[in-house]
Amino acid sequence: SGGVEYLELTSDSLAAQQSHRLILLDIEARKRASTIDVPTLPADVRDRLREMGEPIRMFGEDLAAIRDRLRMILARWEVWKEQHEKGLLDGQMEVPRPDGMVESASAAAETRVEITETTYSHAPQELIDAREIMCKYSLGRSRYRLEMERRRRRGMIRWTRSKKRARLFDKDADDDADEAFGSMYHGDNLKQDSVLVKDLDDNCEKIYTSIRNQALEGSQYGDVRPLSAVCTSSLGNNSHLDYTGPLPKIIATGGWSGGIKIWNGGNDHRDVDGGETTTDEVAPLDLLGAKNIVHEDRIMGIAMRPYLTSTTSTEGLTTMIASASIDLSAKLCKVTLNEDVAADSMDVDDGNKAKNNQQLRYNIEECAHLKGHAARLCSVAFHPTGRFVATTSFDHTWRLWDVETSSMAEGKELLLQDGHAREVYGVGFHPDGSLVSTTDFGGVVQCWDLRTGKSACHFLGHAKRVVCSEFSPNGFQLATAGDDGTIKIWDLRRRRPSASIPAHTNLITQLKFSHSTSSQNGEFLVSSSFDGTGKIWSTRDWKLLSTLEGHEGKVMGIDVLDGRDCGVVTCGFDKTLKLWK
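Since the model is a prediction, treat every value here as computed from it, not as a measurement. (Residues numbered from 1 in each chain as written. Predicted model: local features only at pLDDT ≥ 70, side-chain atom pairs only at ≥ 80, totals over all residues. Heavy atoms only, no water.)

## Digging into the environment of histidine 458
- Along the chain, the position of histidine 458 falls in strand E19 (residues 455-460).
- In the structure, histidine 458 is positioned 19 residues away from threonine 439 in sequence and 9.7 Å away in space, judged by C-alpha atoms. (Helix = DSSP H or I, 4+ residues; strand = E, 2+ residues; numbered from the N terminus.)

Right, dumping it as structure tokens:
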């Protein structure tokens, strides 16, 4: 009969056909690879490869190449699975599974269960309460800050005599004289605001003149090993305190020996004239307190709680110091006045003076041990409320801790936030307390909304590692710096860079804006660098005002003392602490 005879393909033909089909599938997998999500952390990538039975590292591969290889493996699996569901694969064709097993295409879809449900993690009640506190605080602070900004803006309109622009911005203007008088752009109101602007300009001119004449006032050996961090006391966002006692300016340093020391910064915070107080018997940079062993290893970051959040009318002067170390922990230390020295200071005879010289004025007591990071810690910062503290680490995360409920037995961790692909180093809080910025070794700057827990924005622009970030007191500028020697100023309103300053010839270790008090008003920015210098920059045009040269090696940290004298303190690899006025 006229039947059709089918001839089976030879083994060589079958092998060629299967090879061609594999090539087509591989091409499709390469197209699909860009849409595949893979783990970010190197440890997670290695664990995933181990589960799949794949080598965790090939010869010559870097971290990026390892992630690309994992992405291709997962892409091939997805493509092969889709081809099987469409019936385009031979039932006997072997399909590689992500777990390293090999099975037939006919059994692949039956054994693989795809999870399509999206899951969310619930925030603990402590974190929700903390966010409510930060939200209420930030709304009040932002309302006050924006009102002051409006007054400055109206004052500038009056100052520049731009009446036409005033009419354009006055939404409530009317031909009626009474309504015109009630307008915030009325002549009397504009005159009051113009006086405010004139006072700000006059104060700024005095500050810049003082900075240009700055010189080294004192130098002190701070430790037997290099000093790595320095911070100064402040009054926070509000200079009105119920406490009626003295508010001395103090300086805290941390070093490679793992100890913390407190030094005299000069006059009192309430001394608006900038002169030295007559009641202070110690000279600038005299040692006021010390605790030689706080950490088991080097201290990398240090921060001081504002006086505003730690002083009341019923209790004595107290503040708190937070330190971060490479021993995988951070600690909170309470600073209290030594009662014995305070009592003896009422006497003025020579015997009691000699006794005071042998005792330190402040006690440093450990009150909380913050443990949880899986790698060395880098930086630490207090929230403007003083109730929370943030730490960064080489484990690619930053964490938020509750100051009031933490203890030596257990630190109260409120938030563990990942999202960085590289080691996280710098951290800084917005003056309103609404945002926190973190930086990493990949050159990424992240801004997080503390009230919602979401990422508000991120900035890319640094060529190398970014190790420090600092918000401006005006609330809409963020300064970052790192290994590329440049300072970048980011505009938070437009979410783009507004200035790039070629500041130093080596890594920049720290940035600090001047205080938001009336004596400084955030008019300058200070920076320190491995090139052995500290520099002071104008925040109005980002021009260099002064260069601080005196350290024999790397300058590890820098900070600003509150007051009209615009004092600056620096610490360096040469083990010294220096005061500039």
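## Digging into the packing of aromatic side chains
- Scanning the model with the defined rule gives five aromatic pairs in all.
- Measuring from ring centre to ring centre gives 5.2 Å for tryptophan 256 and phenylalanine 573, while their planes differ by 85°; the resulting arrangement is edge-to-face. Residue tryptophan 256 is located in the loop between strand E5 (248-255) and strand E6 (260-268), and its partner phenylalanine 573 is located in the loop between strand E29 (568-572) and strand E30 (576-580); the two are separated by 317 residues in the primary sequence.
- An angle of 20° between the planes, with centres 4.8 Å apart, marks the rings of phenylalanine 459 and tryptophan 490 as stacked. Of this pair, phenylalanine 459 sits in strand E19 while tryptophan 490 sits in strand E22 (residues 486-491), placing them 31 residues apart in sequence.
- Judged by relative accessible area, which is 2%, phenylalanine 459 ranks as buried. (Phe/Tyr/Trp six-rings, centres within 6.5 Å; stacked < 30°, edge-to-face > 60°. Buried < 20%, exposed > 50% of the residue type's maximum accessible area, 1.4 Å probe, protein only.)

## Digging into the nonpolar core
- Grouped together as the largest cluster of nonpolar side chains are 21 residues, with contacts concentrated most on Ile487, Ile489, Ile501, Ile508, Leu511, Leu525 and Trp542.
- When residues of this core are traced back to their parent elements, those giving at least two are strand E20 (466-471), strand E21 (477-482), E22, strand E23 (496-502) and strand E24 (508-513).
- If you tally residues by element for this core, the top one is E24, at three residues.
- Excluding its chain neighbours within four sequence positions, the residues that come into contact with isoleucine 501 are Gly485, Thr486, Ile487, Ile489, Trp537 and Trp542.
- Of all hydrophobic cores here, the second largest spans 19 residues; its members include Cys231, Leu235, Ile302 and Ile321. (Core = buried A, V, L, I, M, F, W, Y, C linked by side-chain atoms within 4.5 Å. Contact = heavy atoms within 4.5 Å.)

## Some remarks on the confidence of the model for the chain
- Across the chain, the average pLDDT comes to 81, with 78% of residues at 70 or higher.
- Low pLDDT (under 50) marks residues 171-182, which in the prediction has seven contacts with non-local residues, meaning those over four places away or in another chain. (pLDDT = per-residue confidence, 0-100.)

## Description of the pairing of E23
- Sheet topology note: the E22/E23 ladder contains six bridges and is antiparallel. Note on E23: the bridge partner recorded for threonine 486 is proline 502.
- Once E22 ends, the chain turns through four residues before running back antiparallel as E23, passing arginine 495 with a positive phi of about 55°. (Pairing = 2+ DSSP bridges.)

## Examining the pattern of salt bridges
- The tally for this structure, following the rule as stated, stands at 22 salt bridges.
- A salt bridge links aspartate 201 to arginine 540; the shortest N-O distance between them is 2.9 Å. On the criterion of sequence distance, the pair formed by aspartate 201 in helix H8 (residues 187-212) and arginine 540 in the loop between strand E26 (533-538) and strand E27 (544-549) is long-range, its members being 339 residues apart.
- Owing to a relative accessible area of 26%, aspartate 201 belongs among the partly exposed residues under this scheme.
- A salt bridge links arginine 451 to aspartate 449, with the nearest nitrogen and oxygen atoms 3.2 Å apart.
- Taken together, the shared-partner salt bridges in this structure form one network comprising Asp26, Arg30 and Arg76. (Salt bridge = Lys/Arg side-chain N within 4 Å of Asp/Glu carboxyl O.)

## Points about the packing of helix H2 (residues 42-52) against helix H3 (residues 63-85)
- The N-to-C vectors of H2 and H3 enclose an angle of 40°; their axes lie 10 Å apart at closest approach. For the element pair H2 / H3, the angle class is oblique. As for the relative orientation of H2 and H3, their crossing is left-handed in sense. Residues Pro42, Val45, Arg48, Leu49 and Met52 of H2 lie in contact with H3, whose contacting residues are Leu63, Ile66, Arg67, Arg69, Leu70, Ile73 and Leu74.
- Here the contact of H2 with H3 is composed, by residue class, of nine nonpolar, no polar and three charged. (Axes fitted to C-alpha atoms, helices over the stretch in contact; angles between N-to-C directions. Parallel < 35°, antiparallel > 145°, perpendicular 65-115°, else oblique. Left-handed = near helix turned anticlockwise from the far one by under 90°. Nonpolar A, V, L, I, M, F, W, Y, C, P; charged D, E, K, R; others polar.)

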